[in-house]
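# A closer look at the structure
Letter by letter, the chains look like this.
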Amino acid sequence: MTDTTTAEVIRTIVDHRQSAHTTTSTGEIVKIGDRYYLAAGAPGIVVVRDIQPEGLVLVENETPGPGVYPYLVKPDTLVPATT
């Protein structure tokens, strides 16, 4: 007998991580790996690391440093970074 439960769980997690269902203040769809400013004119760029089922987005500062950790934000203030 083969256990397919693990494969199904892994596939579900992978499918979720690729989902792009949250929108920014500019109406764009948020995807993992996208780069954003936290708000218009904000210094520093964050990178989307995960999208939570409740609509929050896990972001991480593009430039790592001491005391810099990933954190959850609402996507409605994110502004796409073009640089």
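Read on for a plain summary of the structure. In this text the structure is predicted, and so the values were computed from the model without any measurement.

### Re the nonpolar core
- Residues V30, Y36, V46, V48, I51, V57, V59, V73 and L78 constitute the largest nonpolar core, which totals nine residues.
- Secondary-structure elements contributing two or more residues to this core are β4 (46-51) and β5 (57-61).
- The element best represented in this core is β4, accounting for three residues.

### Examining the pairing of β4
- Counting buried residues along β4, five of its six residues qualify, which places the element largely inside the surrounding structure.
- As judged from the two bridges shared by strand β3 (residues 35-37) and β4, these two strands associate in the antiparallel manner. Directly across from R35, in β4, lies its bridge partner V47.
- Note that β4 and β5 share five bridges and pair antiparallel. Paired with V47 across the two strands is E60, which belongs to β5.
- Counting the residues between successive antiparallel strands, the hairpin from β4 to β5 contains five residues, one of them, G55, with a positive phi of roughly 100°.

### A short note on the sheet that holds strand β6 (residues 71-73)
- With antiparallel pairing, the five strands of this open sheet are ordered in space as β6-β5-β4-β3-β7. If you trace the sheet from one side to the other, it starts and ends with β6 and β7 (79-80), each paired once.
- Judged from the two bridges that link them, β3 and β7 form a sheet pairing that is antiparallel. Residue Y37 lies in a different strand from β7, and its bridge partner there is V79.

### A closer look at the pattern of salt bridges
- In total, this model carries two salt bridges according to the counting rule given.
- Salt-bridge contacts for E62 lead to R35; the nearest nitrogen and oxygen are separated by 2.5 Å. Of this pair, E62 sits in the loop between β5 and β6 while R35 sits in strand β3, and the two are 27 residues apart along the sequence.
- A salt bridge links E60 to R49, with the shortest nitrogen-to-oxygen separation between them at 2.7 Å. Of this pair, E60 sits in strand β5 while R49 sits in strand β4, and the two are eleven residues apart along the sequence.
- Accessibility expressed as a relative area gives 26% for E60, which makes it partly exposed.
- Among the residues examined, R49 registers a relative accessible area of 39% and is labelled partly exposed.

Conventions we followed
- Residues numbered from 1 in each chain as written.
- Predicted model: local features only at pLDDT ≥ 70, side-chain atom pairs only at ≥ 80, totals over all residues.
- Heavy atoms only, no water.
- Core = buried A, V, L, I, M, F, W, Y, C linked by side-chain atoms within 4.5 Å.
- Buried < 20%, exposed > 50% of the residue type's maximum accessible area, 1.4 Å probe, protein only.
- Helix = DSSP H or I, 4+ residues; strand = E, 2+ residues; numbered from the N terminus.
- Pairing = 2+ DSSP bridges.
- Salt bridge = Lys/Arg side-chain N within 4 Å of Asp/Glu carboxyl O.

These figures capture arrangement, not role.
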